[in-house]
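Chain by chain, the residues run as shown.
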Amino acid sequence: MTETTASVPTSQETAGMAIAPWPRQADGQWRVGDRPLSRVVAEVGGTPCYLLDRRRVTARVAELRQLLPDCIRIHYAMKANPLPALVCHMASLVDGIDVASGGEMRVALDSGMPARHISFAGPGKSEAELMQAVAAGILLNIESFREVDLLTRASDALGIAARVAVRVNLPFELRGSGMKMSGGARPFGVDAERVPELLRQIGERQLGFEGFHLFAGSQNLRAEAIIEAQTQSYALVLGWLDACPVAPVTLNLGGGFGIPYAAQDKRLDVPAVADNLDALAQRARREMPDAHLAIELGRYLVGEAGLYVARVIDRKVSRGDVFLVLDGGMHHHLAASGNFGQVIRRNYPVAINRRTADHETVSVVGPLCTPLDLLADRAELDVAEAGDLVVVFQSGAYGRSASPRGFLSHPDVIEALV
Ligand SMILES: *Cc1c(COP(=O)(O)O)cnc(C)c1O
C-alpha cells in the first residue's frame, strides 16, 4: 500500500456530497485501486472509461455481512453491472447471483458461481432461455402462467424437473422508491391473488418448487419503507404455505437498497433493515423452518465503487457561462445525464482530477449534438482546462450496460475492474 502519499479526504472533498469518500493525493489527483487516477486511466487504455475499484466492492460486501445476520443470503443482481470481471469477483463474495437474461446467465455460469445459486427473473423469458436455464440447473423465478407450460415442456424434453420459484407482483408499492416494480398492474411477476392457482399448477406439473421471489422496487433510501415491504412480503408468503406443493426452501425478499446521489440524499439506515431481517429470520425458523432467506442487491453493492472518467476536449465560454465539453457523455452514462428514469434531473457528484486555488461554476457536457448530453448542470468545480480528467462518482451501477452507446456513433467506453 502506498496510501501514505494520499491525504485522507473528508466526504466534502468528494464534490460536496454525502457519498462515500474517495482518497485524493496532495496534488489533487484522485486515487483508484490505490493508484493515481491518471495512471489507472493510462493503464486501461485512456478515456472515456469506467473504473471499478475491486477493494471497495470487497469492503462493501464485508460491511454488509457484518450488519446482517449470518443466515441471510446476499445475492448480486447483475443487471446493475454485468462486467464479467466484476461478476467473477462478486462470485467469490456473495451467496448467489440473480440474472435477467440468457446472456447474463452465461456470464454468471462462467463466474464460477454454482448453478444452484443462480436465479433467473424477467417478464419475457424466451423458450430458448427457459430451456437453457433448466438444462443448466438454475432457479427460475416464474413470472407468468405461460412459463409454467414452457417449463413443463422443457423439463420433459430434458428429463430434469425445472427448479422454480414464484415471482409475486405484490399488492403494495415500495414507498419512496426510485423505480417501483410492484403494486397495481405490473408486467413483473404473477399477481398476488393468483399465486395459489399458480402454486397448484406447479404442483400438478411436478415442477421442482423451491419458494418465492418478492421484489418491490429499487433505489430506496428509506429504511422504514424497505422494512415495511419485507415484513408484508413475509406475511403474504405465510398465507400461501398451505398451498405450496412442498415446503419452500428459499425466500428472496428483494432489496432495493439505494445509494445517495445528491447532497440532500441521506444514506440508507442499513442497520435498521438488518434488524428487521433478523426478526424475520427468527420467525422463519419457527414458521417455515426449511426456508433460507435471501436479499438481492445490485446498485448498493457496486454503485459506490465505480467512477466514470472522461477528458476535457474543449473549454467553451458561451455568453459568460463556462462549458467543459468531454470526450464522453450520456451515450456512456445515461443515468448521470438524468435520462434513466429520473423524475427530476440532479447532478451526479463530479470533480476535476486536480486541485486549483480557485473554483468556478461550469456545466459539464458530452460531445453529442443534443441538449440531453449534460453530465453536470452548473456545478462548482476546480478550474479545468482541455486535457484534464473529469470524474463522475457513484457510477458503478447502471452505467455502460444501461446506456445508448450506439447513439451518434461515437467510440464505445472501456470498463475495467482495477
Ligand atoms: C433491477 C433489479 C434488482 C436490482 O436492483 P438494485 O436497485 O440495483 O439493487 C434486483 N432484483 C430485481 C428483480 C430487479 O429487477
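Look up: the structure comes first, before these words.
Scope of this entry: the structure provided in the associated data block.

So, how was this worked out
Residues numbered from 1 in each chain as written. Predicted model: local features only at pLDDT ≥ 70, side-chain atom pairs only at ≥ 80, totals over all residues. Heavy atoms only, no water. Phe/Tyr/Trp six-rings, centres within 6.5 Å; stacked < 30°, edge-to-face > 60°. Buried < 20%, exposed > 50% of the residue type's maximum accessible area, 1.4 Å probe, protein only. Lys NZ or Arg CZ within 6 Å of the ring centre and 35° of its normal. Near = heavy atom within 4 Å. Polar contact = N/O pair within 3.5 Å; in protein donor to acceptor, adjacent residues only side chain to side chain. Areas by Shrake-Rupley, 256 points an atom, 1.4 Å probe, with all protein chains shown as cover. Helix = DSSP H or I, 4+ residues; strand = E, 2+ residues; numbered from the N terminus. Axes fitted to C-alpha atoms, helices over the stretch in contact; angles between N-to-C directions. Parallel < 35°, antiparallel > 145°, perpendicular 65-115°, else oblique. Left-handed = near helix turned anticlockwise from the far one by under 90°. Contact = heavy atoms within 4.5 Å. Patch = residues over 30% accessible without salt bridge, like charges linked within 9 Å, V, L, I, M, F, W, Y side chains within 5 Å. Salt bridge = Lys/Arg side-chain N within 4 Å of Asp/Glu carboxyl O.

### Examining the packing of aromatic side chains
To describe a pair of aromatic rings, one takes the distance between the centres and the angle between the planes.
Right, so step 1: Enumeration over the complete set of coordinates arrives at 8 aromatic pairs.
Right, so step 2: Each ring, one from Phe209 and one from Phe212, has its centre 5.6 Å from the other, and the planes form 75 degrees; the classification is edge-to-face. This pair shows no difference in class: Phe209 is buried, exactly as Phe212 is.
Right, so step 3: In textbook terms, an aromatic cluster arises when at least three aromatic residues are bridged by ring pairs, as seen for Trp22, Trp30 and Phe393.
Right, so step 4: Taking NZ or CZ as reference, Arg60 lies 4.3 Å from the ring centre of Tyr300, over its face.
Right, so step 5: The ring of Phe120 carries Lys125 above its face, with NZ or CZ at 5.8 Å from the centroid.

### A look at the site of the ligand
Right, so step 1: Taken together, 13 residues sit near the ligand, with Lys79, Ser218, Glu296, Arg299 and Tyr398 positioned nearest.
Right, so step 2: Here Gly298 contributes a backbone N or O atom positioned 2.8 Å from an oxygen atom of the ligand.
Right, so step 3: Burial of the ligand by the protein amounts to 93% of the accessible area it has alone, namely 390 Å².
Right, so step 4: If you list the elements that add at least two residues to the shell around the ligand, you get strand E14 (217-220) and strand E16 (292-297).

### What about the packing of helix H4 (residues 102-110) against helix H5 (residues 127-136)?
Right, so step 1: Interaxial distance between H4 and H5 falls to 10 Å at its minimum, and their mutual angle equals 20 degrees. By the angle between their axes, H4 is roughly parallel relative to H5. Seen from above, H4 lies across H5 with left-handed handedness. Between H4 and H5, the residues in contact are Gly102, Met105, Arg106 and Leu109 and Glu129, Gln132, Ala133 and Ala136, respectively.

### Points about a nonpolar patch on the surface
Right, so step 1: Together, Met131, Leu158 and Ile160 line one region of the surface with nonpolar side chains, adding up to about 210 Å² of accessible area.
Right, so step 2: Checked against the element boundaries, Ile160 lands in the loop between helix H6 (145-158) and strand E10 (163-169).
Right, so step 3: For Ile160, a relative accessible area of 36% gives the class partly exposed.

### Digging into the pattern of salt bridges
Right, so step 1: Throughout the structure, instances matching the rule amount to 25 salt bridges.
Right, so step 2: With its nearest N and O atoms 3.1 Å apart, the salt bridge here joins Asp382 to Arg24. Note that Asp382 is positioned in strand E21 (residues 374-382) and Arg24 in strand E2 (residues 24-25), a separation of 358 residues in sequence. With respect to class, Asp382 is no different from Arg24; both count as buried.
Right, so step 3: Between Arg354 and Glu385 there is a salt bridge, and its shortest N-O distance comes to 3.6 Å. Of this pair, Arg354 sits in the loop between strand E19 (350-352) and strand E20 (359-365) while Glu385 sits in the loop between E21 and strand E22 (389-392), placing them 31 residues apart in sequence.
Right, so step 4: In this structure Arg354 comes out as partly exposed when scored by relative accessible area, which is 26%.
Right, so step 5: Here the residues in one salt-bridge network are Arg60, Glu63, Arg267 and Glu304, joined through shared partners.

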